[in-house]
Structures are given as structure tokens and as C-alpha cells.
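# A closer look at the structure
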Amino acid sequence: MKRALLFPLALVALAFGAASCVTEDWDYDDDYGYDDYYGRRRYDDYDDGYEQGYRDAARHERERRDRYDRERERRDYDRDDRDRNAGKAPKGYLLAGSFKSGNAVECGIPTRNKIKKVRLVGTSGKVSVNSVVLREGGAKTSFPVTRRLEPGENVEVDLGGSRQATGLRISAGGKGTFDVYVR
């Protein structure tokens, strides 16, 4: 009786073992890097992708910080440059503004007093000043200058007496910046 039970049990175990073994259809490693049994990427590929993504993220973060630092240094330099120029205002003059050269620059007058002179000082680059137009209410008076300013050079425009100015329009070309002082 014992032998009669062992034979069918052995057949069942053999059939179960053959059905549970891995066949060629369930190859864990196909040519495309996928695990056919689970239908997902192999562990090694996940690891490499994670490392590469981490390296890319770190590089992007370093580049972002570098851009931010460069921008901050540029702002600080510009602020220091303005402070230095304001500290170097000629005696008796008031700073009316710092401007980039372009076709025409509109400048307000920082005082209610009458002004006699306008001084233009080149701060960076090369600036070609063509004319200064003085506005007195509705009247406009043009003063030709035609001068090229290097950094540190200045030109003084005499207005021909005290005038109650409401604004200035400066025609300047080139690529640079300049300061405007009034007296």
C-alpha cells in the first residue's frame, strides 16, 4: 500500500517541478535591457540612470548658483560704481542722473534753483555726445556739444546765465554710460 501511494505522489511532484522551472520564454535578460519575467528594466539600468540623473541635477544646480553669483557681483559692482561716482561729484554740482548712451536721454533736474552749467562725465565705454537741449517750461534751447567722452573725461556746457530749467534732453550715441551734473 505504501508503494501504491508513492508512485502517484512522485508523478505529481515531477509534474509540478517541471511546470515551475524557468524556460527559454522567460529569459531574464533580453536584448533591450528589459526583464521579461517582471516586465521592467533591470536593476543595473535603474542604478545607472539614477546616478546620471543625480549628476545632471548637481551640474544644473552648480550652473544656477554660478549665474546667480555673477549677476549679484555685477549688481554690487554697478552699485559701488554709482556710489563712487556720486562721491566724486564736482564741488558745487548736483548729480542729475547716470545714463546709458542711446539716441536721446531725458533727464530731470534735481533742484528748483536756477542752473548755470551742465557737466557730462563719461563713466564707462565710449559716449558720443551730440547736443544738450534745455527745457524751460515750453521753450527749448539747444546747445551743440559734439564731443566723444572716454571714461573719466568730462565736458561742461555753459548755459549763458542762470536759467529755470525743467528738464534736459541729451543726444548721445555709442556704447557706454555717463553721469549728468548740474550747477
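Residues numbered from 1 in each chain as written. Predicted model: local features only at pLDDT ≥ 70, side-chain atom pairs only at ≥ 80, totals over all residues. Heavy atoms only, no water.

Across all of its chains, the model carries 1 aromatic pair by this definition. Both rings, one in F99 and one in F178, keep their centres 6.1 Å apart while their planes meet at 45 degrees; by these two values the pair is tilted. Of this pair, F99 sits in strand β3 (residues 94–100) while F178 sits in strand β8 (residues 167–182); the two residues are 79 residues apart in sequence, bridging distant segments of the chain. Its relative accessible area of 17% is what places F99 among the buried residues. The exposure class of F178 is buried, given its relative accessible area of 0%. (Phe/Tyr/Trp six-rings, centres within 6.5 Å; stacked < 30°, edge-to-face > 60°. Helix = DSSP H or I, 4+ residues; strand = E, 2+ residues; numbered from the N terminus. Buried < 20%, exposed > 50% of the residue type's maximum accessible area, 1.4 Å probe, protein only.)

Turning our attention to the environment of G122. If you trace the backbone, G122 turns up in strand β5 (residues 115–136). For the pair G122 and P151, spaced 29 residues apart in the sequence, the C-alpha separation amounts to 4.6 Å. Sequence-distant contacts of G122, that is, excluding residues within four places in its chain, are made with L149, E150, P151, G152, E153, T177 and F178. (Contact = heavy atoms within 4.5 Å.)

With that out of the way, let us pick up the confidence of the model for the chain. On average, residues of the chain score 77 in pLDDT, and 68% of them reach the 70 mark or higher. Put simply, strand β1 (residues 34–35) is where the chain has its lowest mean pLDDT, 52, and strand β6 (residues 139–149) is where it has its highest, 93. (pLDDT = per-residue confidence, 0-100.)

This part is about the nonpolar core. Judged by nonpolar contacts, the single largest core of 25 residues is most densely connected at I115, V118, L120, L168, I170, F178 and V180. Top element by residues in this core is β5. It accounts for 7 residues. In this structure, V118 is in contact with V155, E156, V157, L159, L168, V180, Y181 and V182, ignoring residues within four places of it in sequence. (Core = buried A, V, L, I, M, F, W, Y, C linked by side-chain atoms within 4.5 Å.)

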